[in-house]
Amino acid sequence: MGGVIAIHGEHKSTEPEEMLALIKHRGPAGQGFCNFQSPEGAVGYVAANAYEEVFCAEEGAVIALDGLVYNHGQDATPSNRRLGPPELLSLYRAAGQQFLPILEGMFGLCLVSAEGEFLVARDRYGLKPLYWGRRGRTLYFASEMKALVNRCEGIEPFPPGHYFHSSEGLVCYREKEQEEKAITPTSLNEACLRLRTILQKSVAKCLPARGKVGILLSGGLDSSIVAAMACSLGAEVKSFAVGHERSLDLIYARKVAQSLGLEHHEYIYRPEELKDILPTVIYHLESFDWSLVPSAVANYLAARSVREHGLDYVLMGEGGDELFGGYHYLKTKSPQDQINEMEKLLKTGHSMGFQRVDRMTSAHGLICNLPFMDYELIRLAVSLPVEWKISPEGTEKWILREAFRADLPEEIINRRKDEFSQGSGMAEVMAQMIASEITDEAFTRERQVTPEVTLYSKEELYYYRIFRQFYPQPELVRIIGRWTPW
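Basis of the calculations
The numbering scheme is per chain: residues are counted from 1 as the chain's sequence reads. Since the coordinates come from a predicted model, pLDDT governs what is reported: local features require at least 70, and pairs of side-chain atoms require 80 or more to be given and counted, while whole-chain, interface and lining totals use all residues. Side-chain measures were taken over the full set of non-hydrogen atoms in the model, leaving aside hydrogen atoms and water. Runs of E in the DSSP output that reach at least two residues are strands. Runs of H or I that reach at least four are helices, and both are numbered from the N terminus. Each radius of gyration is computed over the set of C-alpha atoms, and the globule rule expresses the reference value as 2.2 Å times the number of residues to the power 0.38. Any residue under 20% of the maximum accessible area for its type is buried, any over 50% is exposed, and the rest in between are partly exposed; the area is computed with a 1.4 Å probe on protein chains only. Two residues form a contact once any of their heavy atoms are found within 4.5 Å. Residue exposure ignores everything except the shown protein chains as possible cover, and the areas themselves are Shrake-Rupley values with a 1.4 Å probe. Just so you know, the count uses Lys and Arg for positive and Asp and Glu for negative, and it drops His and the chain ends. Charge placement uses NZ in Lys and CZ in Arg. For Asp and Glu, CG and CD serve respectively. In predicted models, pLDDT denotes the confidence assigned by the predictor to each residue on a 0 to 100 scale. Whether two strands pair depends on DSSP finding at least two bridges between them. Simply put, an axis is a line fit to the C-alpha atoms, just over the touching stretch for a helix, and the angle between two N-to-C directions goes from 0 to 180 degrees. Here a polar contact is recorded for every N or O atom pair within 3.5 Å, except that within protein the pair must consist of a potential hydrogen donor and a potential acceptor, and residues adjacent in sequence are included only if both atoms are side-chain atoms. Salt bridges are defined by distance alone: a side-chain nitrogen of Lys or Arg within 4 Å of a carboxyl oxygen of Asp or Glu. A crossover counts as right-handed when, viewed with the strands pointing away from the observer, the path leading from the first strand over the helix to the second turns clockwise. What a helix should span is 1.5 Å times the count of its residues minus one.

*Asks:* Looking at this structure, how should I read the overall build of the protein?
*Replies:* Of regular secondary structure, the protein possesses 19 helices and 17 strands. The C-alpha atoms of the protein give a radius of gyration of 22 Å, which matches the 23 Å a tight globule of 486 residues would have. Each principal axis of the C-alpha atoms in the protein carries an extent, and together these give about 60 × 60 × 45 Å. Evaluated residue by residue, the protein yields a buried proportion of 60% over its 486 residues. Looking at the protein alone, contacts between residues at least 24 apart form 70% of all its contacts between residues at least 6 apart. A total accessible area of about 18800 Å² is found for the protein, and carbon and sulfur atoms account for 49% of it. In the protein, which carries 52 positive and 65 negative side-chain charges, the distance between the mean positions of the two groups comes to 2 Å.

*Asks:* Just to check I follow, could you spell out the confidence of the model for the protein for this structure?
*Replies:* Close reading of the predicted structure is inappropriate where its pLDDT is low. Per-residue pLDDT for the protein has a mean of 91; in total, 95% of the residues score no lower than 70. Note that residues 76-80 has pLDDT below 50 and, in this model, six contacts with residues that lie over four places away or in other chains.

*Asks:* I tried to follow the sheet that holds strand S4 (residues 55-58) on my own but got confused; where do I start?
*Replies:* Paired through backbone hydrogen bonds, the strands of a sheet run either parallel or antiparallel to each other. Judged by pairing direction, the sheet is antiparallel, and its six strands sit side by side in the order S4-S5-S6-S7-S11-S12 without closing on themselves. The open sheet has two edge strands with one neighbour each: S4 and strand S12 (169-172). Taking the axes of each pair of neighbouring strands and ignoring which way they run, one obtains an average angle of 20 degrees across the sheet. Direction of pairing for S4 relative to strand S5 (residues 61-71): antiparallel, over a ladder of four bridges. Residue Cys56 lies in a different strand from S5, and its bridge partner there is Ile63. In the packing of helix H2 (residues 85-95) onto the sheet, contacts are made with S4, S5, strand S6 (103-112), strand S7 (118-122) and strand S11 (162-165), and the angle to S5 comes to roughly 105 degrees.

*Asks:* Looking at this model, I keep getting lost on the environment of Asp66. Mind explaining?
*Replies:* Its location among the elements puts Asp66 in strand S5. On the basis of relative accessibility, which here comes to 1%, the residue Asp66 falls in the buried class. Separated by 84 residues in the primary sequence, Asp66 and Asn150 place their C-alpha atoms 23 Å from one another. For Asp66, the residues in contact, after removing those within four places along its chain, are Met1, Gly2, Gly3, Val4, Arg26, Met106, Phe107, Gly108, Lys128, Pro129 and Ser143. Only 3.1 Å separates the side chain of Asp66 from the backbone nitrogen of Gly2, close enough to count as a polar contact.

*Asks:* Sorry, what's going on with the pattern of salt bridges here?
*Replies:* Close approach of charged atoms lets side chains of opposite charge pair. For the structure on display, the rule yields 38 salt bridges. In this structure, Arg135 and Glu15 form a salt bridge, with 3.1 Å as the shortest nitrogen-oxygen distance. Here the residue Arg135 occupies a position in strand S8 (residues 131-135), and Glu15 occupies one in helix H1 (residues 15-22), the gap between them amounting to 120 residues. Judged by its relative accessible area of 34%, Arg135 falls in the partly exposed class. Between Glu58 and Arg93 there is a salt bridge whose closest N-O contact spans 3.3 Å. Of this pair, Glu58 sits in strand S4 while Arg93 is found in helix H2, placing the two residues 35 residues apart along the sequence. Look at Arg93 and you get partly exposed, because its relative accessible area is 40%. Among the charged side chains, a salt-bridge network with shared partners connects Arg26, Asp66, Lys128, Glu144, Lys146, Glu286, Asp358 and Arg359.

*Asks:* Is there a simple way to explain unusual backbone geometry in this structure?
*Replies:* With glycine set apart, most residues show a phi of negative sign, and most peptide bonds adopt trans. Non-glycine residue Asn150 carries a positive phi angle of around 65 degrees. Within the element layout of this structure, Asn150 appears in the loop between strand S9 (138-142) and strand S10 (153-157). Here Glu286, not a glycine, exhibits a phi torsion of approximately 60 degrees, which is positive. Relative to the helices and strands, Glu286 resides in the loop between helix H7 (271-285) and helix H8 (292-308). Glu286 sits in the buried class, given a relative accessible area of 1%.

*Asks:* Any chance you could explain the pairing of strand S13 (residues 213-216) here in plain terms?
*Replies:* Residues of S13 alternate between two faces, with Val213 and Ile215 on one and Gly214 and Leu216 on the opposite face, all of them buried. Alignment of S13 against strand S14 (residues 237-243), held across four bridges, turns out to be parallel. Looking across to S14, one finds that Val213 is bridged to Val237. Between the parallel pair S13 and S14, the chain is carried across by helix H5 (residues 221-232), and the sense of this crossover is right-handed. For S13 and strand S16 (residues 313-315), the ladder comprises two bridges, and the chain directions are parallel. Bridging from a neighbouring strand, Gly214 pairs with Val314 of S16.

*Asks:* Explanation requested: the environment of Gly136 in the structure shown.
*Replies:* Within the fold, Gly136 resides in the loop between S8 and S9. Gly136 gets classed as exposed once you look at its relative accessible area, which sits at 59%. Measuring from C-alpha to C-alpha, the distance between Gly136 and Glu117 comes to 20 Å, with 19 residues separating the pair along the chain.

*Asks:* Explain the sheet that holds strand S3 (residues 41-47) to me, please; I cannot follow it from the model alone.
*Replies:* If you trace the six strands from one edge of the open sheet to the other, you get S2-S3-S1-S9-S8-S10, paired in antiparallel fashion. Edge positions in the sheet fall to strand S2 (30-35) and S10, since each of these pairs with one other strand and no more. For this sheet, the mean angle separating the axes of adjacent strands, direction not counted, is 10 degrees. Summarising the sheet, strand S1 (residues 2-8) and S9 pair through four bridges and their orientation is antiparallel. The partner of His8 across the bridge, within S9, is Leu139. Strands S1, S2, S3, S8 and S9 of the sheet are contacted by H1, whose axis makes an angle of about 150 degrees with S1.

*Asks:* Hey, could you run me through helix H4 (residues 188-206) in this one?
*Replies:* Three- or four-residue spacings in an α-helix give side chains the same orientation, since the helix completes a turn every 3.6 residues. With 19 residues, H4 should reach 27 Å at 1.5 Å per residue; the first-to-last C-alpha distance of 26 Å fits that figure. All of the buried residues in H4 are Ala191, Cys192, Leu195, Ile198, Leu199, Ser202, Val203, Ala204, Lys205 and Cys206.

Right, dumping it as structure tokens:
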């Protein structure tokens, strides 16, 4: 895990190192790059940890990897659960770009074969970030947008589930595969048993090969389930929570930690410190979205606490809401609209929650894994009837509550869903802090930032002003994910 850059075409000799310098926070263990057919291109990387292999140069071929990759159907034994750059090069030599559909996990990768073929690819759900842009006939790729700003034009997220090949152009490899469908369980009880089995196996795959693991614990259902499964597998777990003195997340996270016997740490923030770190958060987040920024601030503080306690690997519960109907606005929709909306949430998560998770942990050079986003678990979740996710009585993530009822305190199982920014108290504190910063006249004057993009609130305008200080290219506004739960 770390970050990657790639250039396909003529470029200045200083550009690879300049680009890597802008994402060096993703890789505190070091960086490197390799020119190929100089000056026709380059591939570079930053590594989050010395023991994580992210780059390979072998027999004239090079590959740089940001991510954790598994082979389809692989078991969870520590000896063979992950594929590193050498294994990925071998797969490419055997099958060309057709090896991509068999990969599971999260990744952005850049590869150049001994014959000079150039390949860039991103995982199916965009769990790991990748952007691209163009200057003349030269293409630029990077894990974060900031490495491309003021360097090229037409900057966009590289689409999840796609690859770019020098002889084919942009190709959706998800359309080429025969997507495996899970067999729908015949009963809720059977579904709960399968859900437990698959998630425990996913957590096992996600655990680090060595050392302790951190868990960002909000005391909500999803992160608490991940913590319980990690403990059941014998992992050495440290949990981390963030909030103000009276926030619900701190209260519930303590209860989970005590129940599971975790070494628990809290960061209690002061409202006055938030304004100081906000520009740093927005710089790393690469967004001004009204809902994403407050959650990102809490996420940033929690990730910083993990690093300060000497850990470099964390698990999070992201993905449970998208898969099992955790958002309250879904309850106002018809069953078919609920299905459609959850499918949309899964497809657009790369520019919302998954982006927040990646940027805030990577800002501190952490490796982060998401057990809920295991492909086998996704296939099962998609196959389940929507009424098992949002019960007829309106209980969100109902099947998760039933499947893990024996593993957690009843008050955690029955806790109402709170978004991270709400449970940590961040949304309320940030709104109060900014309320007097933007006048009505300024909001009216500035809210229409482009013909297509209208800011929703004074708070979002405040974030947008900071965003433009770091990302001044007007075209970037159109690629920012926006949360619209209506």
